Amino acid sequence: MRRLDSREPGFPADFAALLDTARETTARVDGPVAEIIARVRAEGDAALLDLTARFDRWTPRDAAALRVTEAEIAAARASVPAELMAALDTAAARIEAFHRAQMPADLTLPDPAGLTLGLRWTPVDAAGLYVPGGKAAYPSSVLMNAIPARVAGVGRVAIAVPTPDGELNPLVLAAAHRAGVSEVWRIGGAQAIAALAWGTASIAPVDKVTGPGNAYVAEAKRQVFGRVGIDSIAGPSEVVVLADGAQDPARVAMDLMAQAEHDEAAQAILITDSPALAEAVAAAVEAALASLPRSAIAGESWRRHGAMVLVRDWEEGAELTNRLAPEHLQIMVADPAGLFGRIRHAGAAFLGPWCPEALGDYVAGPNHVLPTGRTARFASGLSVHDFLKRTTWIAAEEAGLRAVGPVAVALARAEGLDAHARSIAERIGLA
């Protein structure tokens with residue numbers, strides 16, 4: 001774990017090094033991923049069967065076995081305890097309500113020249129959603145990906161989820177059913193992304209692929225972009241916690257570990273103006289690691305990528321946060337809303353000591369699929385907008401064309417595009 005102090009002379013270089021540290025890179029897997037995609041394109045289902053046997057350690061009898069049946073989904077739902085199903089339903093309802101509120105309205109704008117201008121939103125026809133299933137199973141990711149797609153009006157929603165040793169988490173299937181998923185495929189990794197993008201004899205291609213995954217999944221999404229749309233190329237999870245000296249160090253430590261336990265490449269950073277809190281949190285992290293079931297993962301993440309940054313004041317803290325542009329930002333200070341007003345770059349923010357980031361992972365409502373690796377400088381979290389397209393339209397009568405057409409004719413002739421100019425000029429009798 002790095003310790004940085006903005007009052008030290010070497011701080012600018014140390015902070016720059018923190019920003020530039022590569023926690024995970026897809027550059028090392030671009031070759032193998034390209035080979036996997038090429039195999040799926042050339043061999044289709046046969047490649048999926050072979051790659052599933054190799055990477056997920058189970059051998060499907062045929063391509064039909066890759067699809068989870070309705071009976072399997074029903075049995076999975078029946079096996080989930082009632083209280084857990086109720087929790088799933090509450091989370092789904094809250095996520096759906098928040099995403100319905102995001103739905104944009106169509107636009108119709110009559111202008112003074114006599115034209116009518118407009119913008120119409122329509123959903124993609126089919127979406128493919130990747131749900132991680134390697135180090136852990138994530139029913140919450142099913143809800144966060146599938147519900148926005150359904151709210152947007154996507155007609156076909158297909159999920160790909162890896163099944164190590166052939167096992168599927170029943171709650172993942174229950175979440176898929178609750179979210180209105182059309183089909184569930186037990187395939188993972190780059191081969192799943194390739195199948196969704198290009199299709200096979202069994203799996204129809206989709207128009208957009210969303211959802212987080214490991215380095216192979218991220219690189220596969222990069223390589224299929226253009227054939228299909230993607231939401232983002234997600235990297236390891238990350239959190240920045242801004243906390244003042246009044247905070248409970250044990251709670252701050254657990255909030256840091258909540259991100260660290262995702263993956264050894266995850267990153268948890270504390271920014272504080274209190275040296276005493278920094279020391280107390282460091283001790284509390286060690287205490288937490290002694291009891292966490294995923295302590296090996298969380299401990300490795302903390303040792304390799306964790307950091308504590310001591311700042312002079314919160315103006316400096318806010319500017320450093322903007323440079324980090326974190327996926328998740330927790331603000332635990334006396335005036336969290338005021339400090340949040342200074343933050344320009346964050347995927348999602350959690351305000352106050354009673355709003356841990358984990359609340360947003362499951363039940364608050366906003367999406368937990370967020371920009372990582374400082375991409376919050378220019379990117380946003382998953383929403384209904386990711387499954388919608390904008391189509392602009394123009395309606396014109398003769399009077400409108402006569403009003404603005406001469407301007408278009410002049411510009412077209414200036415660009416040397418005579419057919420453009422004549423297509424307008426000949427309609428309005430312009431020489």
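Residues numbered from 1 in each chain as written. Predicted model: local features only at pLDDT ≥ 70, side-chain atom pairs only at ≥ 80, totals over all residues. Heavy atoms only, no water.

## Focus on the overall build of the protein
The helix and strand tally for the protein stands at 17 helices and 14 strands. With 431 residues in all, the protein has 50% of them scored as buried. Just so you have it, the protein exposes about 19400 Å², and 55% of that area is on carbon and sulfur atoms. Between the mean site of the 40 positive side-chain charges and the mean site of the 51 negative ones, the protein shows a separation of 4 Å. (Helix = DSSP H or I, 4+ residues; strand = E, 2+ residues; numbered from the N terminus. Buried < 20%, exposed > 50% of the residue type's maximum accessible area, 1.4 Å probe, protein only. Areas by Shrake-Rupley, 256 points an atom, 1.4 Å probe, with all protein chains shown as cover. Lys, Arg positive; Asp, Glu negative; His and termini not counted. Charge placed at Lys NZ, Arg CZ, Asp CG, Glu CD.)

## Here's the deal with the packing of aromatic side chains
Taken as a whole, this structure holds one aromatic pair when the rule is applied. Lying over the aromatic face of Trp198, Arg41 brings its terminal NZ or CZ to 3.5 Å of the ring centre. (Phe/Tyr/Trp six-rings, centres within 6.5 Å; stacked < 30°, edge-to-face > 60°. Lys NZ or Arg CZ within 6 Å of the ring centre and 35° of its normal.)

## As for the pattern of salt bridges
Pairs may arise between side chains of opposite charge once their charged atoms sit close together. According to the stated counting rule, one finds 21 salt bridges in the structure shown. Between Arg402 and Glu398 there is a salt bridge, with the nearest N and O atoms lying 2.9 Å from each other. With Arg402 and Glu398 both in helix H16 (residues 398-414) and four residues apart, the pair spans about one turn of that helix. Taking the relative accessible area as the measure of exposure, Arg402 reaches 42% and is therefore partly exposed. The class for Glu398 is exposed, based on a relative accessible area of 53%. (Salt bridge = Lys/Arg side-chain N within 4 Å of Asp/Glu carboxyl O.)

## Quick notes on helix H17 (residues 418-428)
Burial in H17 covers these residues: Ala421, Ile424, Ala425 and Ile428. The arc that holds every buried residue of H17, seen down its axis, measures 100°, which confines them to one face. Across from the buried face of H17, at angles greater than 90 degrees, the exposed residues are Ala419, Glu426 and Arg427. On its buried face, H17 is in contact with H16. Looking one or two residues past H17, Gly429 carries a phi angle of roughly 70°, positive in sign. (Arc of directions from axis to C-beta. Contact = heavy atoms within 4.5 Å.)

## What to know about the sheet that holds strand E9 (residues 238-243)
Sheets are built from strands paired through backbone hydrogen bonds, the pairs being either parallel or antiparallel. Taken in spatial order, the six strands of this open sheet run E1-E11-E10-E9-E12-E13, and their pairing is parallel. The two strands at the open ends of the sheet, each matched to only one other strand, are strand E1 (2-5) and strand E13 (348-351). For this sheet, the mean inter-axis angle between neighbouring strands, taken without regard to orientation, is 15°. Pairing of strand E12 (residues 328-332) with E13, which is carried by four bridges, proceeds in the parallel orientation. Across the sheet, residue Gln330 finds its bridge partner in E13, namely Phe350. Packed on one face of the sheet, helix H10 (residues 249-260) meets E9, strand E10 (267-272) and E12 and runs near 165° to E9. Taken strand by strand, helix H13 (residues 314-324) contacts E9, E10, strand E11 (307-310) and E12, and its axis lies near 160° from that of E10. (Pairing = 2+ DSSP bridges. Axes fitted to C-alpha atoms, helices over the stretch in contact; angles between N-to-C directions.)

## So, the pairing of E11
Here E11 shows no split at all, with Ala307 and Val309 on one side and Met308 and Leu310 on the other all buried. Sheet topology note: the E1/E11 ladder contains four bridges and is parallel. Residue pairing in the sheet places Arg3 in a bridge with Met308 of E11. The pairing of E10 with E11 spans four bridges and is parallel. Bridging across to E11, Leu270 finds its partner in Met308.

## Describing unusual backbone geometry
Of note in this structure, Asp165 is not a glycine but carries a positive phi near 60°. For Asp165, the location among the structural elements is in the loop between strand E5 (156-160) and helix H7 (170-178). With a relative accessible area of 45%, Asp165 lands in the partly exposed category. Despite not being glycine, Arg374 shows a phi value in the positive range, around 70°. Inspection of the secondary structure puts Arg374 in the loop between helix H15 (357-362) and strand E14 (388-395). A relative accessible area of 25% means that Arg374 is categorised as partly exposed.

## Quick look at the packing of H16 against H17
Close contact between H16 and H17 brings their axes to 8 Å; oriented N to C, the two are set at 150°. With respect to their mutual orientation, H16 and H17 come out roughly antiparallel. Pair H16 / H17 crosses with left-handed handedness. Between H16 and H17, the residues in contact are Leu401, Arg402, Gly405, Pro406, Ala408, Val409, Ala412 and Arg413 and His420, Ala421, Ile424, Ala425, Arg427 and Ile428, respectively. Of the residues belonging to the contact of H16 with H17, the class tally is nine nonpolar, two polar and three charged. (Parallel < 35°, antiparallel > 145°, perpendicular 65-115°, else oblique. Left-handed = near helix turned anticlockwise from the far one by under 90°. Nonpolar A, V, L, I, M, F, W, Y, C, P; charged D, E, K, R; others polar.)

Nothing here speaks to function; it is all geometry.
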